[in-house]
Amino acid sequence: MELLRTEQLSFTAGNTHIRYPDLVVEANKMTFLSGPSGCGKSTLFRLLNGTLTQTAGRIFYRGTDTLTMDTLELRRQILLVNQQAYLFDGTVEDNFRIYNQYRHQPVPAKSAIKEYLYIASAHFDPTHETARLSGGERQRVFNAVMLSLGADVYLWDEPSSALDTITANAFFYRLRAFNADRGITSLVITHDDSLIPTFSDALITLDAPRLSSISSATAASSTNQHD
Amino acid sequence: MTESLSMQLSGFASIYLLLLIVGAIFKKCHIQQTKFLLLASLQMTVQLIIAGYVLLYIFKYPSPIFTCTYLALMIGFAIHRALNKNKWLNNKFKWITILSIVLSGAFIVGFMMIAVIQKDIFTPQYIIPISGMLVSAIMNGSTLALKAFRESMDGQRNRIEVLMNIGTPPQEIVHPFVNQAMETALLPTLNNMVGMGIVSLPGMMTGQILAGALPNEAVLYQITIMIANSTAVSLVSFATLYFGCRTLWNDRYQITIPSAK
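The structure presented is a predicted model; accordingly, all values stated were derived computationally and were not measured.

## Structural notes on the overall build of chain A
- Check the secondary structure of chain A and you find eight helices and ten strands.
- A globule of 227 residues ought to have a C-alpha radius of gyration of about 17 Å, and chain A, at 18 Å, matches this closely.
- With 227 residues in all, chain A has 53% of them scored as buried.
- Excluding contacts between residues fewer than 6 apart, the proportion of contacts in chain A whose partners are at least 24 apart in sequence is 73%.
- For chain A, the exposed area adds up to about 9,900 Å²; of that, 49% sits on carbon and sulfur atoms.

## Some thoughts on unusual backbone geometry
- Located in the positive-phi region is A:Arg62, a residue other than glycine, with phi close to 50°.
- Turning to its location among the elements, A:Arg62 is positioned in the loop between strand S5 (56-61) and strand S6 (64-65).
- A positive phi angle, near 55°, is found at B:Gln118, a position not held by glycine.
- Relative to the helices and strands, B:Gln118 is located in the loop between helix H5 (91-117) and helix H6 (124-154).
- On the accessibility criterion, B:Gln118 (59% relative accessible area) is exposed.

## What about the interface of chain A and chain B?
- Contacts between the two partners involve 29 residues from chain A, matched on the other side by 18 residues from chain B.
- Summing both sides of the interface, chain A and chain B together bury roughly 2,000 Å²; the carbon and sulfur share of this comes to 51%.
- Where chain A touches chain B, the interface holds zero salt bridges.
- Where chain A packs against chain B, one counts 13 residue pairs in polar contact (both at pLDDT 80 or more).
- Mapped by element, the contributors of at least two residues to the side of chain A that touches chain B are helix H2 (71-77), strand S7 (78-81), helix H3 (92-102) and helix H5 (135-147) of chain A.
- Residue contributions to the side of chain A that touches chain B peak at five residues, all from H2(A).
- For the side of chain A that touches chain B, the residue count by class is 15 nonpolar, ten polar and four charged.

## Remarks on the environment of A:Asp201
All names here are of chain A.
- Locating Asp201 in the fold gives a position in the loop between helix H7 (195-199) and strand S10 (202-205).
- With 78 residues separating them in the primary sequence, Asp201 and His123 have C-alpha atoms 28 Å apart.
- Non-local contacts of Asp201, meaning those with residues more than four positions away in its chain, are made with Lys29, Met30 and Arg176.
- Within the structure, Asp201 has its side chain in polar contact with the backbone nitrogen of Met30 (distance 2.7 Å).
- A distance of 3.0 Å separates the side chain of Asp201 from the side chain of Arg176, its partner in a polar contact.

## Some remarks on the packing of aromatic side chains
Residue and element names in this part refer to chain A.
- Applying the stated criterion to the full structure yields 20 aromatic pairs over all chains.
- Taking 6.4 Å as the distance between ring centres and 20° as the angle between the ring planes, the aromatic pair formed by Phe96 and Tyr116 counts as stacked. Of this pair, Phe96 sits in helix H3 while Tyr116 sits in helix H4 (residues 110-119), and the two are 20 residues apart along the sequence.
- We classify Phe96 as buried; its relative accessible area is 0%.
- Here Trp156 and Phe171 contribute two aromatic rings whose centre-to-centre distance is 5.5 Å and whose plane-to-plane angle is 80°, an arrangement assigned as edge-to-face. Highlighted residues: Trp156 in strand S8 (residues 153-157) and Phe171 in helix H6 (residues 165-182), separated in sequence by 15 residues.

## A few points about the confidence of the model for chain B
Residue and element names in this part refer to chain B.
- Averaged over every residue, the pLDDT of chain B is 92; the share at 70 or more is 98%.
- Across chain B, helix H7 (residues 157-165) holds the top mean pLDDT of 97, while helix H9 (residues 203-210) sits lowest at 87.
- Predicted as a complex, the structure gets a pTM of 0.86 and an ipTM equal to 0.90.

## Focus: a nonpolar patch on the surface
Residue and element names in this part refer to chain B.
- Together, Met7, Leu9, Phe12, Ile15, Tyr16, Leu18, Ile21 and Ile25 line one region of the surface with nonpolar side chains, adding up to about 830 Å² of accessible area.
- Taken together, the elements giving at least two residues each to the nonpolar patch come down to helix H1 (9-14) and helix H2 (18-28).
- With three residues, the single largest contributor to the nonpolar patch is H2.
- Residue placement: Phe12 occurs in helix H1.
- The partly exposed category is assigned to Phe12, whose relative accessible area is 36%.

## Points about empty space enclosed by the protein
Residues and elements named next belong to chain A.
- If you walk through the whole model with that rule in mind, you get one cavity of 30 Å³ or more.
- Quantified by volume, the largest cavity comes out at close to 50 Å³.
- Taken together, Leu4, Arg5, Thr6, Leu23, Val25, Leu44, Leu48, Leu187 and Ile204 make up the full set of residues lining the largest cavity.
- Secondary structure elements with two or more residues in the lining of the largest cavity: strand S1 (2-13) and helix H1 (41-48).
- It is S1 that provides the largest number of residues to the lining of the largest cavity, a total of three residues.
- Here the residues of the lining of the largest cavity are counted per class, giving seven nonpolar, one polar and one charged.

Reading the values: rules and limits
- Residues numbered from 1 in each chain as written.
- Chains lettered and ligands numbered in written order.
- Predicted model: local features only at pLDDT ≥ 70, side-chain atom pairs only at ≥ 80, totals over all residues.
- Heavy atoms only, no water.
- Helix = DSSP H or I, 4+ residues; strand = E, 2+ residues; numbered from the N terminus.
- Rg over C-alpha atoms; globule rule 2.2 N^0.38 Å.
- Buried < 20%, exposed > 50% of the residue type's maximum accessible area, 1.4 Å probe, protein only.
- Contact = heavy atoms within 4.5 Å.
- Areas by Shrake-Rupley, 256 points an atom, 1.4 Å probe, with all protein chains shown as cover.
- Buried area = accessible area lost by both parts, 1.4 Å probe.
- Salt bridge = Lys/Arg side-chain N within 4 Å of Asp/Glu carboxyl O.
- Polar contact = N/O pair within 3.5 Å; in protein donor to acceptor, adjacent residues only side chain to side chain.
- Nonpolar A, V, L, I, M, F, W, Y, C, P; charged D, E, K, R; others polar.
- Phe/Tyr/Trp six-rings, centres within 6.5 Å; stacked < 30°, edge-to-face > 60°.
- pLDDT = per-residue confidence, 0-100.
- Patch = residues over 30% accessible without salt bridge, like charges linked within 9 Å, V, L, I, M, F, W, Y side chains within 5 Å.
- 1 Å grid on protein atoms, 1.4 Å probe; cavity = no way out; pocket = protein on both sides within 12 Å on 5 of 7 lines; lining within 4 Å.
- Points joined across faces, edges and corners; volume = space filled by probe spheres on them.

The structure is reproduced here in structure tokens:
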């Protein structure tokens, strides 16, 4: 079933000019995005959840043009997990509580918190202080907290950038099972191409910003430093 | 005029000798601000002398037009300073800042004149010095509140982005920064209140005592001014930030995080 579809999507800001091929994302699948740095993968995620607005073209979520939807509701359903983790001061448990409160939903039970931490390979006690976590540990806890928010679609931007290969594999393995169980759709950007054959149900490949876009847009420059 | 007020010209001029000490310290510590020190002292002297004579004239020939012009200049300068120190403000935010300064100034000065001092509102001897104190508190309060607001948001970009990405309404993301900035703006005023009478005899009270007022009466004025001050600072920082922060996001709830320009 088609969940997300783009039509003639493009984004321009300053020197950044990105034109996307028409894309389709199937429901309940784990779709990986690949392509060279600067091809607009992260930008695509931000367009999909409405934290950026496209210059031209349309995005359809379950058949509805996302520009006509309430953007906050869109983001509640299509959740973007930031590349850079953010945890509040306090305990791991506090973060589950605070983030869920920001979405006005009940705090997950202790057993559920433990499950989310397990999926994200964050083997910490919920009472652990976040100030004492290292970079990689923060990312794991952050991933677990994001999972607890219960969105329909997850856009994972480099969720394993601070994890070693074994931990990253364990995370994606459990994430896939969790997604299948809950009917969650995931899109994933990763720098580690070795994960793709094992975990992807579908693959979207974006090209480097094409030189042809210059002539078609008659722009003086379309060099794209943005990722 | 009482005798206690007059000052010998030679006595007055001697104060400038102290600038030599400041200059010597600057030189010793390699602080390259000697020119600025001289300029600032000169500018202050000229401005105050002009103000003195202008006020002398206004008090002698009181007219609501003069008084209002003086007040307008005062508020205009306060607005100019607050905007100049916060160049990052977008246009709407600028207008909200201007309105907040004008309205909180008008309210607090009006309250002081009508409810507390109970004199004709345009009596220049009262309204001008009182507005001077309150408007400068408002100017400092709004400048500080805006600066603290921008800095705390700029330092927490990651948090703001994450909360935006999970679908948090922008006002819930931004309000902690508003509250924090208001606290920062208010703290100097509150600290000032605590030390008052023990560490310092504040300027207004000192002036009144030098002019021959009884100390127990001078403190009443000082107390009212201090409370009016803190009210003015809370009002202006609340109005500026509470309404101004709404200009930071668009109808798709995309927040533009202010950065230094």
